[in-house]
Amino acid sequence: MLALGASFMAVSCSKNEPTAAKPQSGLTMRAYGERSPFEKTQRGARESTKSIGVGSSRTPLQDLYGTITPSSLHFERHHAGVPVIEPAAHRLVIHGLVEQAVSFTMEDLRRFPSVTRPHFIECSGNGGGELAGNAGADASRSHGLLSNSEWTGVKLSTVLEAAKVKADAKWVIAEGADACRMARSIPMAKAMEDSLLVYAQNGEALRPEQGYPLRLLLPGWEGNASIKWLHRLHVAAEAAMTNQETAHYTDLHPDGKATIFSFEMEASSVITRPSGGQKLAGAGFHEVSGLAWSGRGKVAKVEVSFDGGANWKEAVLDGPVLPKAAVRFRIPWQWDGQPTLIASRCIDETGYVQPTRDEILAARGPNSQYHYNGVKRWSVKADGSVTSV
Amino acid sequence: MFSAILVVMVLAQTPMGKPVSAEELRALDITVFPDGKGLPAGKGTAAQGATIYKAKCAECHNEKGEGRDQQYPRLVGGVGSLTTAKPMKTVGSYWPYATTVWDTIYRAMPYETPRTLKPDEVYAVTALLLHWNGVIGENDELNEKTLPKVKMPNRDGFVPDARPHQKLKKSK
């Protein structure tokens, strides 16, 4: 293979040859690959304040294929910037209601039996603009706080068992090593069910923006609770009622009460092709495709409507369909060239049906801000342009 | 049976971690619970907090905790607004626990230099914010005993997750 590459490179280009006949020697190899220079899709980033490091960036779902989000395009949400952590110096300390406070090195954690699983992470603020009536112009702006990766790590239950958790332990307070020491209280049942301590993403070490060298991953739960740059687990009998789980990430209802510890991200979906900002070349055959996911388990079915939600047709799910992981759905469409409202809805294995925005408004009002999962509609105009509704 | 033996064998070979001393833990463990567990000894009043606030907080949160440039959160006011069309969520109108105020200031503030305030300074700034929100008096002292006893205006404003808003045919 190397010899072949070398022989290609040895071919020289002569200036005066016509283009068609010019030997195409191509570029050389690279130690760490980059995408084609012709590919330009990128995250849309937004700094929340003038203080550097507070903000979010969104995955350009409308430009992606399949289900895995390239690590370079995983959405971000940071509250005090991305810390630089040397893995050899990093420790995970487990203390509180355990027999003895212990610390683990990254090497220790990699010695535990590993698991590799695809899971989505979705910020519970995803779609907040849709609820508020500021619909995103494209799929990135409407649903881009969702990404889906293959994660590798060790089951949190394995490590907690090694640390000998006491019987009266009910919560695990997870803390990151970022500047603001972001912390969330996690119910022990979730910690023992399917939570992971993750050190790899899509086959290589976690990216700094996703928590390098170690993060918590709570499959199907709001992204904020999957603490990045994890350095401390405080096992306790009660929740800490941290800033993030009280002042933020709680859903205010019209009666003035707010729901707290709303962890599961309910079934949702979005059509990514055709979607806002794209343009169909003309009437005729088009494949409609998008992503669906549920924090309660597997996606059972995705339906697509071509009349704004009055009638629904079942789409094909590209397997494998795995719990708490994004699924690609597809359905063929013969477009007659007339203005059309397209929409998708996800039904998960519990029978939960993705609701409309009106149903969510009726259930918890316009100021609940988080955990929005309403049906997303796109408007296809007669000229083929697609806009948000 | 075989798999059970295998699991035991695997666990016997996995690292059990290195013990962490109480002293190491003291430097690392900053968790504060609503009942006050984890709060260090210290004390402060709103009057004392005013000087610290002016020097270390006002640049972003403004002179009286009103926030700034629609970016830096408002800390004061909003009581009674939660049921209106434009709810204003602040320390005074929304936060259920006074311990969370202390914890947030200690753990994450000032933004550029977190965990540089001493416990007395954090008690003092917490007292100032609670005073501005009408929760305590200007000269009321907050310390590790009195802080958890403060009842925030929205203490009873939180209820458990009410979802799903529809009947499921089975629980996952």
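Residues numbered from 1 in each chain as written. Chains lettered and ligands numbered in written order. Predicted model: local features only at pLDDT ≥ 70, side-chain atom pairs only at ≥ 80, totals over all residues. Heavy atoms only, no water.

1. Observations regarding the packing of aromatic side chains
The test is simple: Two rings belonging to Phe, Tyr or Trp (six-membered ring only in the last case) form a pair when the distance between their centres is within 6.5 Å. Interplanar angles under 30 degrees mark stacking, angles over 60 mark edge-to-face geometry, and anything in between is tilted. Counting from the N terminus, the helices are the DSSP runs of H or I reaching at least four residues and the strands are the DSSP runs of E reaching at least two. Each residue gets one of three labels from its accessible area relative to the maximum for its type: buried under 20%, exposed over 50%, partly exposed in between, using a 1.4 Å probe on protein chains only. The criterion for a charge sitting over a ring is simple: Lys NZ or Arg CZ within 6 Å of the ring centre, and within 35 degrees of the ring normal.
Taken as a whole and assessed by the stated rule, the structure comprises eleven aromatic pairs over all chains. On the numbers, 5.1 Å between centres and 65 degrees between planes, the contact of B:Tyr94 with B:Phe158 is edge-to-face. Placement of B:Tyr94 in the loop between helix H4 (58-61) and helix H5 (98-108) and of B:Phe158 in strand S4 (residues 158-160) is noted, with a sequence separation of 64 residues between them. As far as the burial class goes, B:Tyr94 and B:Phe158 line up, both buried. One aromatic cluster is present, built from ring pairs that chain together A:Trp171, A:Trp221, A:Phe261 and A:Phe263. Cation over ring: A:Lys376 sits above A:Trp378, and NZ or CZ is 4.6 Å from the ring centre.

2. Some details on empty space enclosed by the protein
Residues and elements named next belong to chain A. How we decide: Residues are said to line a cavity or pocket when one of their atoms sits within 4 Å of a point; the points come from a 1 Å grid over protein atoms alone, cavities being sets where a 1.4 Å probe fits but cannot get out and pockets being open sets with protein on both sides within 12 Å along at least five of seven lines. Grid points are joined across faces, edges and corners, and a volume is the space filled by probe spheres set on the points. Any residue that is not Ala, Val, Leu, Ile, Met, Phe, Trp, Tyr, Cys, Pro, Asp, Glu, Lys or Arg is counted as polar, Gly included; the first ten are nonpolar and the last four charged.
In the structure shown here, the tally under the stated rule is two cavities of 30 Å³ or more. By volume, the largest cavity is sized at about 220 Å³. Along its surface, the largest cavity is lined by 21 residues, and Arg-77, Arg-215, Gly-223, Asn-224 and Lys-228 are the ones closest to its centre. It is strand S3 (residues 76-78) that provides the largest number of residues to the lining of the largest cavity, a total of three residues. For the lining of the largest cavity, the per-class residue count stands at seven nonpolar, eight polar and six charged.

3. What about the domain arrangement of chain A?
All names here are of chain A. Basically, it comes down to this: Note that domain bounds follow an automatic or database assignment of domains. Here the quantity called buried area is the total loss of accessible area, with a 1.4 Å probe, experienced by two parts when brought into contact, counted for both. Salt bridges are counted wherever a side-chain nitrogen of Lys or Arg sits within 4 Å of a carboxyl oxygen of Asp or Glu.
Taken domain by domain, chain A consists of domain 1 (87-259) and domain 2 (268-388). Here domain 1 and domain 2 have C-alpha centroids that lie 28 Å from each other. For the pair domain 1 and domain 2, the summed buried area comes to about 2500 Å², and 59% of that belongs to carbon and sulfur atoms. Among the residues domain 1 hides against domain 2, the three largest losses belong to Leu-131, His-143 and Asp-251. Together they make up 26% of the total. Taken together, the links from domain 1 to domain 2 amount to three salt bridges. Measuring nitrogen to oxygen at the nearest pair gives 3.7 Å for the salt bridge that ties Glu-193 to Lys-324.

4. Thoughts on the nonpolar core
One recurring pattern in soluble globular proteins is that nonpolar side chains are buried together. How we decide: We call a set of buried residues a nonpolar core when its members are Ala, Val, Leu, Ile, Met, Phe, Trp, Tyr or Cys and they connect through side-chain atoms within 4.5 Å of each other. Throughout, a residue-residue contact means that at least one pair of heavy atoms, one from each residue, lies within 4.5 Å.
A:Ile94, A:Leu109, A:Leu197, A:Leu216, A:Leu230, A:Leu233 and B:Leu130 are the most contacted members of the largest nonpolar core, which totals 83 residues. The element that contributes the greatest number of residues to this core is helix H6 (residues 119-132) of chain B, accounting for eight residues. Once you skip the residues sitting within four places of it in the chain, A:Leu233 turns out to touch A:Leu92, A:Val93, A:Ile94, A:His95, A:Leu156, A:Val172, A:Ile173, A:Ala174 and A:Leu197. Among the nonpolar cores identified, the runner-up in size contains 30 residues, and A:Met265, A:Val304, A:Phe306 and A:Trp335 belong to it.

5. Here we look at the packing of helix H3 (residues 46-56) of chain B against H6(B)
All names here are of chain B. This is how the line gets drawn: Only the contacting stretch of a helix is used when fitting its axis, a line to C-alpha atoms as for every element, and angles between N-to-C directions run 0 to 180 degrees. Working rule for angles: under 35 degrees goes down as roughly parallel, over 145 as roughly antiparallel, 65 to 115 as roughly perpendicular, anything else as oblique.
Running from N to C, H3 and H6 point in directions that differ by 105 degrees, and their axes come no closer than 7 Å. In terms of their interaxial angle, H3 and H6 are classed as roughly perpendicular. Contacts between H3 and H6 pair Ala-46, Gln-48, Gly-49, Ala-50, Ile-52 and Tyr-53 from the former with Glu-121, Ala-124, Val-125, Ala-127, Leu-128, Leu-129, His-131 and Trp-132 from the latter. For the contact of H3 with H6, a count of residues per class yields ten nonpolar, three polar and one charged.

6. Focus: the sheet that holds strand S20 (residues 316-318) of chain A
Residue and element names in this part refer to chain A. This is how the line gets drawn: Two strands form a pair only when DSSP identifies at least two bridges running between them.
Spatial strand order, S16-S17-S21-S20: four strands in an open sheet with antiparallel pairing. Unpaired on one side and paired on the other, strand S16 (268-273) and S20 mark the two borders of the sheet. Here the average twist between neighbouring strands, direction ignored, is 30 degrees. Pairing between strand S17 (residues 284-293) and strand S21 (residues 327-335): nine bridges, direction antiparallel. Residue pairing for S21: Leu-291 is matched across the bridge by Arg-328.

7. Some details on unusual backbone geometry
Following A:Arg273, the chain continues to A:Pro274 via a peptide bond in cis, the omega torsion being 0 degrees. With respect to the helices and strands, the residue A:Pro274 is situated in the loop between S16 and S17. Cis peptide bonds are those with omega within 30 degrees of zero, and the linkage from B:Arg163 to B:Pro164 qualifies with 0 degrees. One non-glycine residue, A:Lys324, adopts positive backbone phi at about 55 degrees. Summarising the element assignment, A:Lys324 is placed in the loop between S20 and S21. Under the relative-accessibility criterion, A:Lys324 is labelled buried at 6%. Positive phi is not limited to glycine here, since B:Asn62 has a value of about 75 degrees.

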